Every structure is written in C-alpha cells, then in structure tokens.
Amino acid sequence: MRAPGFRSRLALFFVASLVLVQGLTALLTYGIAHRQLVAEGGRQLSVNAGAFVAQMNDLSIRVANGVQILSLDYGLRSAIGARDKETVLSVLRNHGRRVGAARMQLLGLDGRVQADTLAPASDGEPFAFPDLLASAYDRRSAAVIVSEGKAYWLVVVPIYAPQPVGLVVASIPVDDALLAHMQELSALPRDVELATPVGEGRYAVIARGSHDSGLTESLSARGEPLPSTPTLAAIGGREYLVLAQLLRQPKGGGAVYAVLGYSLDDALRPYLPVWNAWLAVLMVGLAGGFLVAWLVARGVARPVEALAGSARRIAAGDYDDVPDVRRGDEVGDLAIAFHTMTDAIRERERRILHQASHDGVTGLPNRAAAESAVDDDLATTPGMQGALLIVGVNRLPEIVKTVGHALADRLMREAAVRLGQVAGTHFVARATDTQFAVWLRDTGRMEAIDTAFRIMDALGLPYLEADIRMDLGPAVGIALTPGHGERAAILLRRAEVAEFAAVGSTRGVDVYDPEADPHRPERLSLMGELRAAIEADALELWYQPKRRMADGVIDSAEALVRWHRPGRGAVSPELFVAVAEETGTIGRLTRWVLARAIREMTALAAAGIDVTVAVNLSARDVGDSELAGRVEALLRAHSLPAQALSLEVTESAVIHEPAAALQVLGQLADMGIDVAIDDFGSGQASFAYLRRLPVTELKIDRMFVQHLATDETDRVIVQSLVELGHRLGYRVTAEGVEDEGSLAFLAEVGCDHAQGYLVGRPMPFADLVARCMAPASGDS
Ligand code: C2E
Ligand code: CA
Ligand code: CA
C-alpha cells in the first residue's frame, strides 16, 4: 500500500493540531469551571444547610406563637385548674390543628403527661424527652424526633397563669409536604431529604422534598457515613455535591439529618450553550483548517508531484518536459536543483551515447553507428545505389607490436584525416581496429572503384613521425548495393571479404566476388563438417611416393589429405584446403595431418622402411609461431629423427608474410627438417628471394612437367630450373610426372626426384607400406 501522500499528511497534521489545542483548551476550561462550581456548590450547600436550620427555627417560632396564644386562653387555664380533661383535650386539638401539629400534649410542671391528643391513656407518664423541658422556660425549646419511621418537630412552650402551670408540646410532622413547602418558601435546593441511621453506615429516608434524586439511598448503598462537609458523589450517573446537616435532637430521639444535594450537572447547564458554541467553533475551525491545509499542501504538493512525474519521464529518457516551477521557497530551490540535475544527466547521456557510437581514438563513428547510418539510408531510399568501402590498414598490428599503441593511435588519426579528405561529405567510420568504412551513397561501381584508388593513393604515402617511416599497407574492399546486399551488416561483411582478397592482390583494391567468398553459406557448412570430421578423426591421409632418380628407389612420400564427405563422396583437397585457409580452420587440419603423418612414420620405421614423409603447410601455418615447437614435441614423443620429416611450402605462402615465415621456417630448419618450395615456377618468387629462405628442395610445378615429352618450351624451362637449382645447392623434384618420356628427360637433365601418376598415385598408407616392402621393381 502506498503511504499517505504529502497532501493528506499535511492536512492531517493541521487537523490533529487544531483538535489537540482545542481539546486541551476545552479540558482546561471545563476543569476551571468545574472547580469553580464545586466551590460555589459547597458554599451554596452550607448556606442551604443554614437556611434549613433557620426554617426549622421559624417553624418553632410560629408554633410557639400559636401555643402562646393558647396560654392566654382562659378556658384552657381554668380547665387545667379544674382538671377538666375533656375541655383541655378539645382546646389542645383546636390549637394543634391551627399550628399544623399532629399531636399536642399538656405536661405538668413535674414533667408528667396530663393530656395527650393522640394517646389519652398515657396520663401520668413522664414525658419521653425531659431534657427539652428543662430549657423550655428560658428560650424556645425545639428538636426533631423519629417515631415509627416518621420525623416530628417537637416544640415545647410553657403556659403561664401568670405563674407557670404546665407545658404544651406540639409535634409537627416533618414530612414530604413540609419539605416541599419549605422549598417553595426559601432557597433550599431541589434535592433535600431527611434521613435517619438504621445501622452502621446505613440510612433510611424519612421525608423528601419535591424532587426525588435518591441521594441517601445512593450514599447508603456505599456504606459510608453521610458527609458533614460538601462532598462530591456520583448519584444515579450524575455528579452531586452532598452535605448532611444533623438536626437538633433530644436525648433518645434518634439522629435526623437534612441531606442536601447540589447537582453539578444542573449547575453546568448554563454552560451548555457555551459548550455547543465551542463545538460549532471547532467544527468550523476544522472545516476551515482542512480547507487551508489542503490548499497549502496543494501549493507545495503540486510542484513536488510535477517534479516527481518529470523524474519518472526522465527515467524513461524524456528530458524535455521538465516543469517550470518558479518560487522563492524550498520547493523553488528543489526545482532549480532538479533542472540542474536534468541538464547534467542529459549532458552525461549525450556523452555516453557519443562514446557508445564513436571511436575514442579517431572520433569517428564506430561500426554500430556505421551500420545504423547505412541501414537508415537504405530504409529511406529502398533500392538505392551505393557502395560500402572497407579500408584496411593492414600493417597496423605489426606497427603496434614494434612501436606501441600510442604511435599506432596517432597513425590511425592521421589515416582518418586523409580518408576524410578523400571521402568529402561521405560517411566515414572506424569499422574495426585496423579498418575504416566509407559509405558512398548514390554511387555506382566505377565511381566507387575510382574513389577506392584515390583512397589508396592517400593512404599509400607512408606515415612519418620523428625518424620513423611507416607504411600503412592499405587495401580497399568494395561491396555494392543493391547487388551485394541491402543490409548494412551484409554489405560490411562482404566489403571485408573483398578487402581480404584485395590484400593479396597487386592493385590493393577489390570488388566483392560472391564466387570467392569464403563466408558463403555452403562454404560455412562445409567448414562445419570439416571441423567435425577432424574432431571425429574421420579424415584419411594418403601418400604419393617419390622416386629417387639415381637408383629408382622410393625414398620419400608426400602426405595428402583425403576427405570422404558423408553422402557427397570425396571432396577435392584443393577446394576444402583453400576454404580452410580462408576461414582459419587450416590450423586444426595441419595439426591433424602432422599428428597422423608422424604416427604412421613410426609404423614405417618399425617395418624397417626407410622413407621420409613430406607434409604440406599452408600460408597460415607458416605464420604460426607455435608450429615448430609442436612439430618438435610430436617427433620427440614418437622418438623420430627430424630428418624423417620434410615440409612443403608454396611460394605465395612465404611471400605473404616474409618476416614471420622466415622465423618459423628457420626454427624448423634448425631442427634438421627439410623444407621444400612447392609448385615452384608458378608464382613470382625469384631465386634471389629464395636465397634468404632456409630451403633445401625445389618442387617444379606440375604444369611445366606434365607435357615435357612433347613441349619444347617446358623442356627448356625445366632444364634451366634444374640447373639453376643445383647451382644454388637445392635438391630438385619434378611433380606431375605422367609418362615415361618425361621421366627420361628428367633423368637426362639430372633432376633428383620424380613424383607423379607414373611413379605412383596417392594411395592409402597400407598400400604405401606394401609397395615399399615389395622387391624393387625397377623403374615403375
Ligand atoms: P600439391 O601439394 O601440389 O599436391 C600434389 C597434387 O598433385 C595432389 O593433388 C596429387 O594428387 C596431384 N598429382 C600427383 N601426381 C600427379 C600427376 O602425375 N598428374 C597430375 N595431374 N596430378 C598429380 P591432390 O591430392 O588433389 O592435392 C591437391 C592440393 O591440395 C595439393 O597440391 C596441396 O596443395 C593440397 N593439399 C593436399 N593435402 C594437403 C595437406 O595435407 N595439407 C595442405 N596444407 N595442403 C594439402
Ligand atoms: Ca605438395
Ligand atoms: Ca605441388
């Protein structure tokens, strides 16, 4: 779940603060008001208690005044004197009704009951509360008693005639009605009750005012004594201040309390409108706060959200839509930082993109960039004519090896500049370490060849630095569109093939020739199968015998590879060896041939056959610096002398890489291995050049030998080659000897060895063994 957004959090914060502050204020206000009310309630209760006592006093005065009138009653006084009980009772009843008494009693000065309106039979009994009587003469004597669950206010008044003749006791019931009446007349609270103890901490209500709030019952239920000072109590879910005022009582009369309640809830009622107003203010404040918070948050959040959205777009690579936030606050600072960052990222990306698509040394676009540029052109103008040139600087690896990368880099920069001058507005790229690519749009074959030659001229001049003079060894391969392909990758590859061919040619420029392309699919599959055949040891090595002219003995044999391609029959070694050379498979092939030949040489030696074996090397083998070591190891592993092996190399193979060839052949010769120049006379090698090579044998190409019997020119050539060779110290072999006439001529001119169908066709190893074991058969 996503965390609440900035907007809602800010709004929430506003509201929470407002509610907190308002709530605390309300709580504080309530606390103060409550304390005030408690104090005020306490005061009021004390006043009320005083008022209650005063009311009872008033009652006493009223009753006393009423009874005083009675003492003026002549009839009563004489009835007392005459002991006329009936009259006394009737007078007492009359007055009692007037003062609201429930019972009237006349007592003698001895304190005994003389007449009682409620219990006429109690005459002569002492009055139940004598302590009330003693004080009655000095002042008004009144107190409350409880009788049969009811409270009575007893007022004792002496009767004078003029001397005291007795006392009248009026019992005024203190009941609900009286309390209600008192509430009406004075400032008594709504909650008034009279209570009397009925046990430990338990009280019974004996009268209550107009309002029944259950003060006593609630307090009694808790088992606590009634509070004599204003005390807080929860009664019926409401809050009260309660005060119990003990009323005056005679000895043995039972305690009676006036329980007064002050409802704080009621007292708080006047504050209710204030509370409501506060709530309203809070609500309005909340709504306003919400709105303002939302607006403020929106003011902040909007630009922040806009920047966040922009950041997401930047992540997707869109740098253009950065929001323009102009503000003087932190958000504005953020926006500025954001813009700065975007610019930096854009710049960095531009640099990275440039680096990804450009060559660091020359600053030219790289191969990938060239591919997409050409493809773009071809896509916008389908079928367009154009030429893709691959310009190779073929001496570069050698230059790097001898003078190092720094100088080689400067040379390539210089080459790029020269190339640019020729190419003009055309697209130039660095295709590989040693190659440039030039894309000539709307250019035909002739024009492309023309440009290629101008490039050759420009790069043909050596590069000079300090005292060093370096040939670049340029070559240009051309691929034409649409003829050679309509996609950049294909054109690049084909131009490369053409460049490869151009390296070997005299002109240094070549146009792609599909026939000669080693990468043609059928050739590639041929190579795949050849490699598989090598892995599976499925090739064969055949041997063609060589005859020593001096005595007609077969003293050596040339190893020739044979490949029966499954389902296709024998493949011409001329074909697959050439393709293997072009595709780099030749190394493996040569290793296989060497291993097989040396293994079989061991068998020859074991059979006591003294025949040396010649193995063909290709141009690439001659450049392989590990070759000599490998041959040596093989020979040593089979305990063969180096003299048992000889090697054949064509002229062109040596001319291609003279320095490397010289080194490799030198190592082999040093080991004692004979090296022969194969197909001699077919190439451009001169004797002068051969002198520098560690060669011991020349093999005259079969095109001069095949027709010796009939062709006078060939005879002259062969004779001079044999003589020259001998004079320079080489053994001379003639290959392609097919008839007796040729053989005879070769014998005549002193040729050392003859090889050809006449002597023997290439044959499996077993046949060679058989042939050599057979008794010498003279000249065939
Ligand atoms: P090459 O080295 O000049 O081998 C001699 C070729 O001439 C062989 O062809 C052989 O069969 C053929 N030949 C021999 N005597 C006569 C003759 O009297 N008349 C005619 N018309 N031809 C004769 P092959 O075996 O087809 O080999 C062709 C070429 O393939 C070889 O020419 C050699 O360049 C290459 N090659 C063969 N085996 C190997 C190998 O093991 N390694 C390498 N690197 N190249 C090989
Ligand atoms: Ca050969
Ligand atoms: Ca040959």
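Every chain is numbered independently, its residues counted from 1 as its sequence is written. Labels follow written order: the first chain is A, the first ligand is 1, and so on. The predicted nature of this model means local features are confined to residues of pLDDT at least 70 and side-chain atom pairs, given and counted, to a pLDDT of 80 or more, with totals for whole chains, interfaces and linings taken over all residues. Excluded from the side-chain calculation are hydrogens and water; included are all heavy atoms of the structure.

(A) Up close: the pattern of salt bridges. When a carboxyl oxygen of Asp or Glu is within 4 Å of a side-chain nitrogen of Lys or Arg, the pair counts as a salt bridge. Using the criterion set out here, one finds 32 salt bridges in the structure. Linking glutamate 600 and arginine 596 is a salt bridge whose minimum nitrogen-to-oxygen distance equals 4.0 Å. Residue glutamate 600 and its partner arginine 596 are located together in helix H17 (residues 586-606), separated by four residues, close to a single helical turn. Note on accessibility: glutamate 600 and arginine 596 belong to one class, buried. The residue lysine 699 makes a salt bridge to glutamate 648 at a minimum N-O spacing of 2.6 Å. One end of the pair, lysine 699, is in strand S24 (residues 697-700); the other, glutamate 648, is in strand S22 (residues 645-650), and 51 residues separate them in sequence. Each member of the pair, lysine 699 as well as glutamate 648, carries the same accessibility label: buried. Helix and strand definitions here come from DSSP, where helices need a minimum of 4 consecutive H or I residues and strands a minimum of 2 consecutive E residues; each element is numbered from the N-terminal end. Each residue is placed in one exposure class: buried if its accessible area under a 1.4 Å probe, protein chains only, is under 20% of its type's maximum, exposed if it is over 50%, and partly exposed if it falls in between.

(B) Fine view of the coordination of the calcium ion (ligand 3). At this site the calcium ion (ligand 3) is bound by Asp678 (OD), Asp679 (OD), Glu735 (OE) and Glu735 (OE), with donor distances of 2.2 to 2.6 Å. The donor set comprises N, O and S atoms within 2.8 Å of the metal, extended to 3.2 Å for Na, K and Ca; water molecules are omitted, so apparent gaps in a site may simply reflect that omission. Each donor residue of the calcium ion (ligand 3) lies on the same chain, and together they follow the pattern D-D-x55-E. Here the calcium ion (ligand 3) and the calcium ion (ligand 2) are spaced 3.9 Å apart, and both take aspartate 678 as a donor. Of this pair, aspartate 679 sits in strand S23 (residues 674-680) while glutamate 735 sits in strand S25 (residues 731-735), and the two are 56 residues apart along the sequence.

(C) Expanded view of the domain arrangement of the chain. Throughout the structure description, domain borders are defined by an automatic or database domain assignment. Here the chain is described as being made up of domain 1 (55-173), domain 2 (324-357), domain 3 (367-517) and domain 4 (528-772). Summarising the inter-unit geometry, the C-alpha centres of domain 2 and domain 4 are found 71 Å apart.

(D) The arrangement of the coordination of the calcium ion (ligand 2) in detail. Within the first shell, the calcium ion (ligand 2) binds the protein through Glu558 (OE), Asn616 (OD1), Glu648 (OE) and Asp678 (OD), at distances of 2.1 to 2.4 Å. Overall, the relative accessible area of 27% leaves asparagine 616 in the partly exposed class.

(E) Representation of the pairing of strand S7 (residues 202-208) within the structure. Note that strand S6 (residues 191-199) and S7 share six bridges and pair antiparallel. When the bridges of S7 are listed, alanine 195 appears paired with valine 205. The turn joining S6 and S7, which pair antiparallel and follow one another in sequence, is formed by two residues; a positive phi near 70 degrees is taken by glycine 201. When DSSP finds two or more bridges between a pair of strands, those strands are recorded as paired.

(F) Highlighting H17. Helices are assigned an expected span. That span is 1.5 Å times one less than the residue count. Spanning 21 residues, H17 covers 30 Å between terminal C-alpha atoms, matching the ideal 30 Å at 1.5 Å per step. Listed in full, the buried residues belonging to H17 are Ile586, Leu589, Thr590, Trp592, Val593, Leu594, Arg596, Ala597, Ile598, Glu600, Met601 and Leu604. Just downstream of H17, glycine 608 is the residue with a positive phi angle, here 75 degrees.

(G) Inspection of the nonpolar core at higher detail. Counting 82 residues, the largest nonpolar core has Leu539, Tyr543, Val615, Leu645, Leu668 and Leu746 as its most contacted members. At nine residues, H17 tops the list of elements feeding residues into this core. To define a nonpolar core, start from buried Ala, Val, Leu, Ile, Met, Phe, Trp, Tyr and Cys residues and group those joined through side-chain atoms within 4.5 Å. Ala101, Leu106, Val157 and Leu268 belong to the second largest nonpolar core, which has 52 residues in total.

(H) Layout of the site of ligand 1. We call a residue near a molecule or strand as soon as one heavy atom of that residue lies within 4 Å of the molecule or strand. The full set close to ligand 1 counts 21 residues, and Gln544, Arg702, Gln706, Glu738 and Tyr757 are the nearest of them. Here an oxygen atom of ligand 1 sits 3.2 Å away from a polar atom, N or O, in the side chain of asparagine 616. Every accessible area reported is derived by Shrake-Rupley at a probe size of 1.4 Å, with residue values counting cover from the shown protein chains alone. Relative to its free-state accessible area of 790 Å², ligand 1 is covered by the protein chains to the extent of 88%. Looking at the shell around ligand 1, the elements with two or more residues in it are strand S19 (554-565), helix H16 (573-583) and S23. Among the elements that take part in the shell around ligand 1, S19 stands out by supplying four residues, more than any other. Here the shell around ligand 1 is built from residues that sort into eight nonpolar, five polar and eight charged. Residues adjacent in sequence count toward polar contacts only when both atoms are side-chain atoms; beyond that, a polar contact is any pair of N or O atoms within 3.5 Å, and within protein one must be able to donate a hydrogen and the other to accept it. Residue type decides the class: Asp, Glu, Lys and Arg count as charged, Ala, Val, Leu, Ile, Met, Phe, Trp, Tyr, Cys and Pro as nonpolar, and the leftover types, Gly among them, as polar.

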